[in-house]
Amino acid sequence: MKSWITKAAIAIAMVAALPILAQADTWQIDPMHTNVEFTVRHMMISNVKGQFQKTSGTITVNGNDPASAKIDATIDASSIDTRVEKRDMHLKSPDFLDVAKYPTITFKSTKVEAEGPNKFKVTGDLTLHGVTKPVVLEVESSGPPIHDPMGNTRAGASATTTIKRSDFGLTWNKALEAGGVMVGDEIAISIDVEAIKK
């Protein structure tokens, strides 16, 4: 049930966090230090969390103009991980993500707006389960870029958003005897991105 969250959450959140890297021309998302998580309501009483293990993407910026940032991120839908193998297999099935038919989740930014010191609003198109919808990410930069021990220039950011899985055709559910449904519609997405200047 969390696969939907992860997809949207994962591709959008990652891309949205990079606009802060406006000091460079091209940045590449570091998959080893980027995390896309999602949270969804389970049986009306608790939250289930998951993440996507494989993400990639680039961010390009013209000079020091954050508004010129272009973000392009891709998530491997089959890399969904909720720590329960049986549940993960169900999320990969046609009931949810249908990874055989829709192997990736993508996010492409369309607008980046400054909201305050190190804060941005990133609007973009999220494609999940074969459906493309506009989403808005609230992004906060980790501060100015740094140089790592290997000589690379790195920058980081975090992003959050909330989507409805039903908007992307993810409607599987089961009614509960006591009322309500097994899986919530809203999916909260949280992304931590680290990128390397190329």
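Residues numbered from 1 in each chain as written. Predicted model: local features only at pLDDT ≥ 70, side-chain atom pairs only at ≥ 80, totals over all residues. Heavy atoms only, no water.

## Considerations on the overall build of the chain
Stage number 1. Helices and strands together make up the secondary structure of the chain, namely 2 helices and 12 strands.
Stage number 2. When the helices and strands of the chain are read in sequence order from the N terminus, they spell out α-β-β-β-β-β-β-α-β-β-β-β-β-β.
Stage number 3. Taking all 198 residues of the chain together, the buried fraction comes to 47%.
Stage number 4. Approximately 9,500 Å² of the chain is accessible, and the part contributed by carbon and sulfur atoms is 50%. (Helix = DSSP H or I, 4+ residues; strand = E, 2+ residues; numbered from the N terminus. Buried < 20%, exposed > 50% of the residue type's maximum accessible area, 1.4 Å probe, protein only. Areas by Shrake-Rupley, 256 points an atom, 1.4 Å probe, with all protein chains shown as cover.)

## As for the packing of aromatic side chains
Stage number 1. This model, assessed by the stated rule, comprises 2 aromatic pairs.
Stage number 2. Seen in terms of ring centroids, phenylalanine 38 and phenylalanine 52 are 5.8 Å apart; in terms of plane orientation they differ by 40°. Their pairing is tilted. You can see phenylalanine 38 sitting in strand S2 (residues 35-42) and its partner phenylalanine 52 sitting in strand S3 (residues 46-52), a full 14 residues away along the chain. No difference in accessibility class separates phenylalanine 38 from phenylalanine 52, as the two residues are buried. (Phe/Tyr/Trp six-rings, centres within 6.5 Å; stacked < 30°, edge-to-face > 60°.)

## Re the pattern of salt bridges
Stage number 1. A full pass over the atoms with the stated rule returns 4 salt bridges.
Stage number 2. A salt bridge links aspartate 148 to arginine 154, with the nearest nitrogen and oxygen atoms 2.7 Å apart. Take aspartate 148 and arginine 154: they sit in the same class, and that class is buried.
Stage number 3. Taken together, the shared-partner salt bridges in this structure form one network comprising Asp30, Asp148, Arg154 and Glu194. (Salt bridge = Lys/Arg side-chain N within 4 Å of Asp/Glu carboxyl O.)

## Topic: the side chain of serine 109
Stage number 1. Secondary-structure assignment places serine 109 in strand S7 (residues 104-116).
Stage number 2. Separated by 2.7 Å, the side chain of serine 109 and the backbone nitrogen of isoleucine 71 make a polar contact.
Stage number 3. Setting aside its immediate chain neighbours within four residues, serine 109 contacts Ala69, Lys70, Ile71, Val122, Thr123 and Gly124. (Polar contact = N/O pair within 3.5 Å; in protein donor to acceptor, adjacent residues only side chain to side chain. Contact = heavy atoms within 4.5 Å.)

## What about the confidence of the model for the chain?
Stage number 1. Scored by pLDDT, the chain has a mean of 88; 87% of the residues are at 70 or more.
Stage number 2. Element-level mean pLDDT values for the chain span from 45 in helix H1 (residues 3-17) up to 98 in strand S6 (residues 80-81).
Stage number 3. Counted against residues more than four places away or in other chains, residues 1-24, with its pLDDT under 50, gives 154 contacts. (pLDDT = per-residue confidence, 0-100.)

## Points about the pairing of strand S12 (residues 183-197)
Consecutive side chains along a regular strand alternate between the two faces of the sheet.
Stage number 1. As judged from the 3 bridges shared by strand S1 (residues 26-29) and S12, these two strands associate in the antiparallel manner. The partner of glutamine 28 across the bridge, within S12, is isoleucine 196.
Stage number 2. When S2 meets S12, the two strands line up antiparallel, connected through 7 bridges. Paired with valine 40 across the two strands is isoleucine 187, which belongs to S12.
Stage number 3. With 11 bridges joining them, strand S11 (residues 153-164) and S12 adopt antiparallel strand pairing. Residue pairing across strands places serine 158 opposite aspartate 192, the latter belonging to S12. (Pairing = 2+ DSSP bridges.)

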